[in-house]
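# Overview (structure and organization)
Read off the chains here:
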Amino acid sequence: MRRILGLAALALLLVAAPVAHAVQPDEVMADTAKEQRARALSRELRCMVCQNQSIDDSDAPLARDLRLLVRERLAAGDSDNQVLDFLVARYGQFVLLKPRFERQTLLLWLLPPVLLLGGGLALWLQVRRRGQRGPEATPKLTAEEEARLAALMAAEQPPPAT
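This is a predicted model, so every value here is computed, not measured. (Residues numbered from 1 in each chain as written. Predicted model: local features only at pLDDT ≥ 70, side-chain atom pairs only at ≥ 80, totals over all residues. Heavy atoms only, no water.)

### Some words on the overall build of the protein
The cut-off we apply is this: Helical segments are the DSSP runs of H or I of at least four residues, strand segments are the runs of E of at least two, and each set is numbered from the N terminus. Two residues form a contact once any of their heavy atoms are found within 4.5 Å.
Each helix and strand counted, the protein has 6 helices and 0 strands in total. Reading the protein from its N terminus to its C terminus gives the helix and strand order α-α-α-α-α-α. Considering only contacts within the protein whose residues lie at least 6 apart along the sequence, 49% involve residues at least 24 apart.

This is the structure in structure tokens:
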């Protein structure tokens, strides 16, 4: 019992542990406000090597270069939007983990809700059609099928206990 509790506590600690970040100590800015902005921006930017990881979480050399570039731009006085615009101009929309809502990304943003609504509408129509048919829509058994069913049911009934 104690072993199970110990394993449960260990599992809880592992789940609740903070996510490890790949930011190296030599990358951290002296100004904590700018460092927080840099970390927030790093969580929004995609690692071009790992692709589904932010540069904040990636250990790839390119991710490190991007983290340093973000910090350089912030140290130069750029706003968060200016830093993002600079990186998008250099690497394209793919560098953003959450692409902007623009003409080029319209399909990306609108297709999932349209598909969800279409699927819900199709399901609703199917349920509605089934409800309108009612029990009379079920085909009746022929006389031959009814006789066969009666014979099968009689054969499966156990003999009466005496």
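Resuming the write-up.
### Brief notes about the pattern of salt bridges
Note the threshold: Put simply, a salt bridge is a Lys or Arg side-chain nitrogen that is within 4 Å of an Asp or Glu carboxyl oxygen. Working definition: with a 1.4 Å probe on protein chains only, accessible area under 20% of the residue-type maximum means buried, over 50% means exposed, and in between means partly exposed.
Scanning the model with the defined rule gives 6 salt bridges in all. Its salt-bridge partner being Arg-73, residue Asp-78 comes within 2.7 Å of it at the nearest N-O pair. Residue class for Asp-78 comes out buried when judged on its relative accessible area of 14%. Taking the shortest distance from any N to any O, the salt bridge between Arg-100 and Asp-85 comes out at 2.9 Å. Residue Arg-100 is located in the loop between helix H4 (80-91) and helix H5 (106-133), and its partner Asp-85 is located in helix H4; the two are separated by 15 residues in the primary sequence. The partly exposed category is assigned to Arg-100, whose relative accessible area is 24%. Overall, Asp-85 belongs to the partly exposed group, its relative accessible area being 39%. Each of the salt bridges in this network shares a partner with another, and the network as a whole consists of Arg-39, Arg-43 and Asp-56.

### So, the environment of Asn-81
With respect to the helices, strands and loops of the structure, Asn-81 is situated in helix H4. Judged by its relative accessible area of 52%, Asn-81 is exposed. Residues Asn-81 and Leu-41, 40 residues apart in the sequence, show an inter-C-alpha distance of 9.4 Å.

### Digging into the packing of helix H3 (residues 61-75) against H4
Note the threshold: Each axis is a line fitted through C-alpha atoms, taken for helices only over the stretch in contact, and angles between the N-to-C directions span 0 to 180 degrees. Throughout, the term roughly parallel applies to angles under 35 degrees, roughly antiparallel to angles over 145, roughly perpendicular to angles from 65 to 115, and oblique to all others. If you view the pair so one helix is near and one far, a crossing is left-handed when the near helix is turned anticlockwise from the far one by less than a right angle, and right-handed when it is turned clockwise. Under the scheme applied here, ten amino acids are nonpolar (Ala, Val, Leu, Ile, Met, Phe, Trp, Tyr, Cys and Pro), four are charged (Asp, Glu, Lys and Arg), and all others, including Gly, are polar.
H4 packs onto H3 with a crossing angle of 135° between their chain directions and a minimal axis gap of 10 Å. One way to sum up the angle between H3 and H4 is to call them oblique. Taken as a pair, H3 and H4 cross one another with a handedness that is right-handed. On the side of H3, the interface is formed by Leu-66, Leu-69, Val-70, Arg-73 and Leu-74, while H4 contributes Asp-80, Val-83, Phe-86, Leu-87, Arg-90 and Tyr-91. Here the residues of the contact of H3 with H4 sort into 8 nonpolar, no polar and 3 charged.

### Concerning the nonpolar core
As a reminder, the rule being used: The set of buried Ala, Val, Leu, Ile, Met, Phe, Trp, Tyr and Cys residues whose side-chain atoms join them within 4.5 Å is what this entry labels a nonpolar core.
Within the largest apolar cluster, 19 residues are counted, with the highest numbers of intra-cluster contacts made by Leu-45, Val-70, Leu-74, Leu-87 and Val-95. Of all the elements in the fold, those that place two or more residues in this core are helix H2 (32-44), H3 and H4. If you tally residues by element for this core, the top one is H3, at 5 residues. What Leu-74 contacts, discounting residues up to four positions off in sequence, is Met-29, Lys-34, Arg-37, Ala-38, Leu-41, Asp-80 and Val-83.

### Looking at a nonpolar patch on the surface
The condition that has to hold: Each patch is built from residues that are more than 30% exposed by relative accessible area and take part in no salt bridge. Like charges join if they lie within 9 Å; nonpolar side chains (Val, Leu, Ile, Met, Phe, Trp, Tyr) join within 5 Å. All accessible-area figures derive from a Shrake-Rupley calculation using a 1.4 Å probe, and residue coverage is judged against the displayed protein chains alone.
Together, Phe-101, Leu-106, Leu-108, Trp-109, Leu-110 and Val-114 give the surface a local cluster of nonpolar side chains, amounting to about 560 Å² of exposed area. The residue Leu-110 is located in helix H5 in this model.

These values are about where atoms sit, not about what they do.
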